[in-house]
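These are the residues of each chain, in order.
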Amino acid sequence: MGGPPLTMARSGKHAAAHHAGRTPTIALALGGGGARGLAHIAVLEALDELSLRPIAIAGTSIGAVIGAAYAAGIPANQIRAHALSALRNRTRVFASLFEARVGRLGDLFARGNPVLVDGERLLDQFWPPEVPDTFEALAIPFAVVAADYYGRAEITLSSGSLVSAVAASMALPGLVRPVEIAGQILIDGGAVNPLPCDQLRGTADILIAVDVSGGPSPTGETRIPDAFSTLFGAAQIMQAAIVAARTQAHPPDILVRPEVANFGALEFFKARQILEAADPGAAWLKHELGKRLRSARRTS
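Residues numbered from 1 in each chain as written. Predicted model: local features only at pLDDT ≥ 70, side-chain atom pairs only at ≥ 80, totals over all residues. Heavy atoms only, no water.

**Focus on the overall build of the protein**
Helix and strand counts for the protein come out as 10 helices and 8 strands. Pairs at least 24 residues apart make up 78% of the contacts formed inside the protein by residues separated by at least 6 positions. Approximately 14,600 Å² of the protein is accessible, and the part contributed by carbon and sulfur atoms is 56%. (Helix = DSSP H or I, 4+ residues; strand = E, 2+ residues; numbered from the N terminus. Contact = heavy atoms within 4.5 Å. Areas by Shrake-Rupley, 256 points an atom, 1.4 Å probe, with all protein chains shown as cover.)

And the structure:
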C-alpha cells in the first residue's frame, strides 16, 4: 500500500510530445483543507464544461471525499447540488454528526473524546447514494492518501473498500476516529501528503493539482486564538509548508489555488460562499485548458 497506485508510463513533457495532435489526457490531484475543499467542486465543473474527463484522480482528506464522488461518474453540478442540500439544514447535519459519534458522554473519562466521529458512518450519511462500496466499481481510477499512525509513513489506497479508505484519509486527529486497514492504523492523509500530485506523475499529458490548504490569514488580525483554533491552525500551517515544498520540487503542469484562505477548516455551513469564492479559480483553469486544447488542435 505504500507506493504509487497507478502505473507511471512517462514524464509529462514526453507524454505531451508523444500525443501531440489529439486531446491531451488529464490527471487530477485534489488536496486537503477541510471545508475549503468544497472549492474542488467548482474546478470539477470547469472540467465538465470542457467535456474533459480525467483518466486518473488522487485525493487527500476532503479531496478524497469529493474525488471519490467524481470518480464514481457523478457530474460535478450534481455534486454541488448534493453538497448544498446536505449542508443546508444545520439541525440535520448536527443530528447526523450525533448519530455518527463513537462514544457516549459518559465515556469522557473512560475513553477520551466522547464526540469522536466514525468517518465511515459519516460518509454513509453524507455521500451521494451513487458512490459505490469499492474502488473497483468506480468509473475513473482513483487513489486515496492516508497516514500510517504507528509506521509514521504515507499510505496509498486504491483497491478494496472505498468508504474505509476515504474515512482513513479524513481521520483528523481529535475529531474523526482512526481506521484500521490491513493491520495498520490510519489517520488523516494531510499529515504526510496534503496534495498528492506525486501519486499521478507520468500518468497523463497534463497533471492538474488543486491546492485548498489556504494561504495567510487576513492581514491585521492580532487576536490570540483559542486552543481549538490553534490546534487546527498549526495543522494547516504544516500542510501548507508540505505543499509548498513538494510543488516546488515537482511542480504539476497546472496548479489551481482557489481564493478560500478566509474560510475556516470547519466552516462547512459556508458552502455556498466557498463555492462562489472558488469560481474565479475555476474560470482561470477553464481558460488555461482551453488554450491548451486549441493548441493541440492546431498541431493535429
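Having seen the model, we can carry on.
**So, the packing of aromatic side chains**
Under the counting rule described, the total for this entry stands at 3 aromatic pairs. Aromatic pair Y149 and Y150: ring centres 4.9 Å apart, planes at 85°, arrangement edge-to-face. Overall, the relative accessible area of 39% leaves Y149 in the partly exposed class. It is R92 that lies over the ring of F126; its NZ or CZ is 5.6 Å from the centre. The ring of Y149 has R152 sitting right over it, with the charged end atom 5.0 Å from the ring centre. (Phe/Tyr/Trp six-rings, centres within 6.5 Å; stacked < 30°, edge-to-face > 60°. Buried < 20%, exposed > 50% of the residue type's maximum accessible area, 1.4 Å probe, protein only. Lys NZ or Arg CZ within 6 Å of the ring centre and 35° of its normal.)

**As for the nonpolar core**
Core analysis: the biggest nonpolar cluster contains 74 residues, and W127, F142, L162, V166, I208 and L289 have the highest contact counts within it. If one sorts the elements of this core by residue count, helix α10 (residues 271-298) sits on top with 9 residues. Excluding residues that lie within four positions of it along the chain, F142 makes contacts with I57, A58, G59, A64, G67, A68, A71, F135, L157, S158 and L162. Listed in part, the 12 residues of the second largest apolar core include A143, A204, L207 and A209. (Core = buried A, V, L, I, M, F, W, Y, C linked by side-chain atoms within 4.5 Å.)

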